[in-house]
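# Results of the structural survey
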Amino acid sequence: MFDELILLAKGGLIVYHGSIKKVEEYFTGIGITVPERVNPPDHYIDILEGIVKPSPGISREQLPVRWMLHNGYPVPPDMLHLCDQISASSSAPTKATNGGAAATESSFAGELWQDMRCNVELKKDHMKLNFLNEKDLSNRTTPGILRQYRYFLGRVGKQRLREARMQAVDYLILLLAGACLGTLAKEGDETFGALGYTYTIIAVSLLCKIAALRSFTMDRLEHWRESASGMSSLAYFLSKDTIDHFNTVIKPLVYLSMFYFFNNPRSSFGDNYVVLLCLVYCVTGIGYAFAIFLEPSPAQLWAVLLPVVLTLIANQDKESGFIYQVGKVCYPKWALEAFIIANAKRYYGVWLITRCGSLMATGYDLTSWHACLIYLVVAGLAIRIIAFVFMVTFQKK
């Protein structure tokens, strides 16, 4: 796309001006190597801005002088002291040249140790950049988190408007899923519609997780570059989550608009909506974690597999022992219990005996409806915190 590259240091001094094909060769020759999976121009700019430290014996103030010496340009008098530093640092590695092949060849263990040290130093720099407040050597004024949050809200909102057709397809699939599941899973008075609600949890969890993957999968590299230049990862994450709250509110309505009237449960539309709202909030956070920590293909696989497996575990009876205890901490168990309790409260009169027997068999309590909703919301908030830690720690591209 570009033939030539110009890099300028502070004060407008030229650090490099030449072919894009020879930039890495030049900087490697003066002792600056680009780490793996890092864009070379971004790495050089980070060095000039003081975000990344160059190799030992090289400072960013020396880079303009090194370019002058490389091209034979005269060095200004006020920068001659940098020439002395360059000559002192370059004379050190020229002492022993006749030590033989045994002295010059590095062992496999030595190379492995150097790679490990390099990776540890890179991780250390990333941790300092994301978690610690270091002095910005470039003397820039970085906008605050709230200002960046407002900016990202506008940018993410425009991105969502461009994806309007994709959002419409998501809503259409939810409508079809609600109509099909509402028709196939007719409510049973003995089970309080547990079958239909089980299908609902699997379908809504699967569809909402897959949709949530798009929030952080499509612009990983852009976020990585912007965060390296001082962008607030917290403002970026919160803006994405805030815009996605629109889908968190609308998608339960879309699904219930078909499922509720085809299935016709005894519980009210409002109770079902509140449970689905908390469920969507929880599974959206899980989708964030998958999108940030995993590659796109494994993330989609886990988004499909996890709701099915957790729902099966949550439906195990007490005789299962350990699996039953694991099912108590699975989000499908809390959602299913909230659905059944909301439905069971509508059974009166002669149905009280049936209601009590079914609830005792499943281990549900009529007074636990609000607790189930709180568990879902807290789980969604905790998973979002974990996803944010993944984003600022692992720097997945």
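Per chain, residues are indexed from 1 in the order of the written sequence. It should be noted that, the model being predicted, local features are given only for residues of pLDDT at least 70 and side-chain atom pairs only at 80 or more, the latter also being counted only at that level, while totals for whole chains, interfaces and linings use all residues. To get the side-chain values, take all heavy atoms of the structure and skip hydrogens and water.

A few words on the packing of helix H15 (residues 331–344) against helix H17 (residues 369–394). Interaxial angles span 0 to 180 degrees and are taken between N-to-C directions of axes, which are lines fitted to C-alpha atoms, for helices over the stretch in contact. The numbering of helices and of strands both runs from the N terminus, where a helix is a DSSP run of H or I of at least 4 residues and a strand a run of E of at least 2. Interhelical geometry of H15 versus H17 gives an angle of 150 degrees and a closest axis separation of 9 Å. Judged by the inter-axis angle, H15 sits roughly antiparallel to H17. Here H15 runs over H17; the crossing is left-handed. Contacts between H15 and H17 involve Tyr-331, Trp-334, Ala-335, Glu-337, Ala-338, Ile-341 and Ala-342 from the first element and Trp-369, Cys-372, Leu-373, Tyr-375, Leu-376 and Ala-379 from the second. Any angle from 65 to 115 degrees is called roughly perpendicular, while one under 35 is roughly parallel, one over 145 is roughly antiparallel, and all others are oblique. A crossing counts as left-handed when the near helix is turned anticlockwise from the far one by less than a right angle, and as right-handed when that turn is clockwise. By definition, residues are in contact when any of their heavy atoms lie within 4.5 Å.

Here five bridges tie strand E1 (residues 4–8) to strand E2 (residues 14–19), and the two strands are oriented antiparallel to one another. When the bridges of E2 are listed, Ile-6 appears paired with His-17. Paired strands, in this sense, are two strands between which DSSP finds at least two bridges. Between E1 and E2, which pair antiparallel and follow one another directly, the connecting turn spans five residues, one of which, Gly-11, has a positive phi of 95 degrees.

Any two side chains of opposite charge can pair, given that their charged atoms come close. Salt-bridge detection follows one rule: a side-chain nitrogen of Lys or Arg within 4 Å of a carboxyl oxygen of Asp or Glu. Applying the stated rule across the entire model yields six salt bridges. The partner of Glu-163 in a salt bridge is Arg-160, and the shortest N-O contact between them spans 3.8 Å. In this pair, the class of Glu-163 matches that of Arg-160, namely buried. One salt bridge in this structure joins Arg-384 and Asp-241, with 3.0 Å as the shortest N-O distance. Remark: Asp-241 occurs in helix H11 (residues 233–263) and Arg-384 occurs in helix H17; sequence separation between them is 143 residues. Any residue under 20% of the maximum accessible area for its type is buried, any over 50% is exposed, and the rest in between are partly exposed; the area is computed with a 1.4 Å probe on protein chains only. The class of Arg-384 is buried, set by a relative accessible area of 4%.

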